Number of protein chains: 2
Amino acid sequence: MKATVYVTIKQNVLDPQGSAVQGALHSMGFEEVGKVRVGKYLELELDTTDRAEAENNLKAMCEKLLANTVIEDYRFELEG
Amino acid sequence: MKATVYVTIKQNVLDPQGSAVQGALHSMGFEEVGKVRVGKYLELELDTTDRAEAENNLKAMCEKLLANTVIEDYRFELEG
């Protein structure tokens, strides 16, 4: 089973990396770029066929390691 | 217009960050986790209504700044 996890910074939390990317794009002439938010994208292969268990475990992985839930949101998709 | 950019490490390139995450998840008891790949996920607001121009500019942004095309792949989606 393949899992895709998206970790994004919460809307009301400052994203200095996003601001830096926005500034860089502006200085390169891409003036149309507004707010930029940078997050993480993870692809995991899971050796299981139990979808419910996979979802529970993924939730635990995100809460405990992959996302800092104080400042980040996460969501995941399961395939296969 | 809102753009979402995914930057991933190419399949044949080593991903030490992914390996570290895999090792950490194993040591936390998630033995079912196989290969892990870590990438970037960017959300950009674009102040334009010209979809074709937005696509061209996004391609240029990815090639020049957002992705290192020697070791990374990118793809993007446009909304609105």
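Conventions we followed
Residues take numbers from 1 onward in each chain, read along the sequence in its written order. Numbering of ligands from 1 and lettering of chains from A proceed in the order in which they are written. Only residues with pLDDT of 70 or above have their local features reported here, since the model is predicted, and side-chain atom pairs are shown and tallied only from 80 upward, although totals for entire chains, interfaces and linings are computed over all residues. The basis for every side-chain value is the complete set of non-hydrogen atoms in the structure, without hydrogens or water. UniProt positions are given in the numbering used here, feature names are shortened, and annotations may be inferred rather than shown by experiment. We count a stretch as a helix when DSSP gives it H or I for four or more residues in a row; a strand needs E for two or more, and each element gets its number in order from the N terminus. The atom set for the radius of gyration is the C-alpha atoms, and the globule formula is 2.2 Å times the number of residues raised to the power 0.38. Only protein chains enter the accessibility calculation, which uses a 1.4 Å probe. A residue is then buried if its area is under 20% of the maximum for its type, exposed if over 50%, and partly exposed in between. The contact rule is simple, with two residues in contact once any of their heavy atoms fall within 4.5 Å. All accessible areas in this document rest on Shrake-Rupley with a 1.4 Å probe, and a residue is counted as covered only by the protein chains that are shown. Positive charges come from Lys and Arg, negative ones from Asp and Glu, while His and the chain ends are left out of the count. Taken as the charge centre is NZ of Lys, CZ of Arg, CG of Asp or CD of Glu, depending on the residue. Expected helix span is computed as 1.5 Å times (number of residues minus one). The arc refers to the directions leading from the helix axis to the C-beta atoms. When DSSP locates at least two bridges between a pair of strands, those strands are taken to pair. Whenever a helix is involved, its axis is fitted only over the stretch in contact; in every case the axis is a line through C-alpha atoms, and angles between N-to-C directions fall within 0 to 180 degrees. Two parts placed together each lose some accessible area under a 1.4 Å probe, and the buried area is that loss summed for both. Any carboxyl oxygen of Asp or Glu that lies within 4 Å of a side-chain nitrogen of Lys or Arg is treated as forming a salt bridge with it. Each polar contact in these results corresponds to two N or O atoms within 3.5 Å; when the atoms are within protein, one needs to be able to donate a hydrogen and the other to accept it, and residues that are neighboring in sequence are counted only if both atoms are side-chain atoms. Residues are sorted three ways: Asp, Glu, Lys and Arg are charged, Ala, Val, Leu, Ile, Met, Phe, Trp, Tyr, Cys and Pro are nonpolar, and all the rest, Gly among them, are polar.

Under an unreviewed UniProt entry, chain A has the name Phosphoribosylformylglycinamidine synthase subunit PurS and belongs to Paenibacillus plantiphilus. Per UniProt, chain A carries the Pathway (unreviewed entry) text "Purine metabolism; IMP biosynthesis via de novo pathway; 5-amino-1-(5-phospho-D-ribosyl)imidazole from N(2)-formyl-N(1)-(5-phospho-D-ribosyl)glycinamide: step 1/2." Turning to chain A, the UniProt annotation filed under Catalytic activity (unreviewed entry) states: "N(2)-formyl-N(1)-(5-phospho-beta-D-ribosyl)glycinamide + L-glutamine + ATP + H2O = 2-formamido-N(1)-(5-O-phospho-beta-D-ribosyl)acetamidine + L-glutamate + ADP + phosphate + H(+)".

Along the backbone of chain A there are two helices and three strands. Taking 80 residues into account, the globule formula puts the C-alpha radius of gyration at 12 Å, and chain A, at 16 Å, lies well above it. With 80 residues in all, chain A has 42% of them scored as buried. Taking all contacts inside chain A whose residues are at least 6 apart in sequence as the whole, residues at least 24 apart take part in 70%. For chain A, the exposed surface amounts to about 4,300 Å²; the carbon and sulfur share of it is 49%. In chain A, 9 positive and 14 negative side-chain charges are present, and the distance between their average locations comes to 6 Å.

The terminal C-alpha atoms of helix 1 (residues 16-27) of chain B lie 16 Å apart, and with twelve residues this matches the ideal 16 Å at 1.5 Å per residue to within 8%. What helix 1 of chain B keeps buried is the set Gly18, Val21 and Leu25 of chain B. Here the buried residues of helix 1 of chain B occupy an arc of 60 degrees about the axis, which is enough to place them on one side. The outward face of helix 1 of chain B, more than 90 degrees from its buried face, is lined by the exposed residues Pro16 and Ser27 of chain B. The elements touched by buried residues of helix 1 of chain B are strand 2 (33-46) and helix 2 (51-66) of chain A together with strand 2 (33-46) of chain B.

This part takes up the sheet that holds strand 1 (residues 2-9) of chain B. One open sheet accounts for six strands, arranged 3(A)-1(A)-2(A)-2(B)-1(B)-3(B); its pairing is antiparallel. Strands with a single pairing partner mark the edges of an open sheet, and in this sheet they are strand 3 (72-79) of chain A together with strand 3 (72-79) of chain B. Each adjacent strand pair in this sheet contributes to an overall mean axis angle of 20 degrees, direction not counted. Contacts between helix 1 (residues 16-27) of chain A and the sheet are confined to strand 2 of chain A together with strand 2 of chain B, with strand 2 of chain A contributing the most and set at about 125 degrees to the helix. Sitting on the sheet, helix 2 (residues 51-66) of chain B is in contact with strand 2 of chain A together with strand 1, strand 2 and strand 3 of chain B, with an inclination near 155 degrees to strand 3 of chain B.

Below, the discussion takes up the interface of chain B and chain A. Taken together, the contact pairs 30 residues of chain B with 30 residues of chain A. For the pair chain B and chain A, the summed buried surface comes to about 2,800 Å²; carbon and sulfur atoms form 66% of the total. In this structure, the connection of chain B to chain A is made through zero salt bridges. Counting every contact that joins chain B to chain A gives twelve residue pairs in polar contact (both at pLDDT 80 or more). With 14 residues, the top contributor of residues to the side of chain B that touches chain A is strand 2 of chain B. Class assignment for the residues of the side of chain B that touches chain A results in 17 nonpolar, four polar and nine charged. The sheet contact formed by strand 2 of chain A and strand 2 of chain B spans eleven bridges and is antiparallel. Bridge pairing in strand 2 of chain B links Leu44 of chain A to Val36 of chain B.

The next subject is the side chain of Arg37 of chain B. Residue and element names in this part refer to chain B. Tracing the sequence through the fold places Arg37 in strand 2. Salt bridges are absent for the buried Arg37, whose nearest opposite-charge side chain, Asp15, sits at 4.4 Å. Here the side chain of Arg37 touches Ile9 through a polar contact of 3.4 Å, landing on its backbone oxygen.

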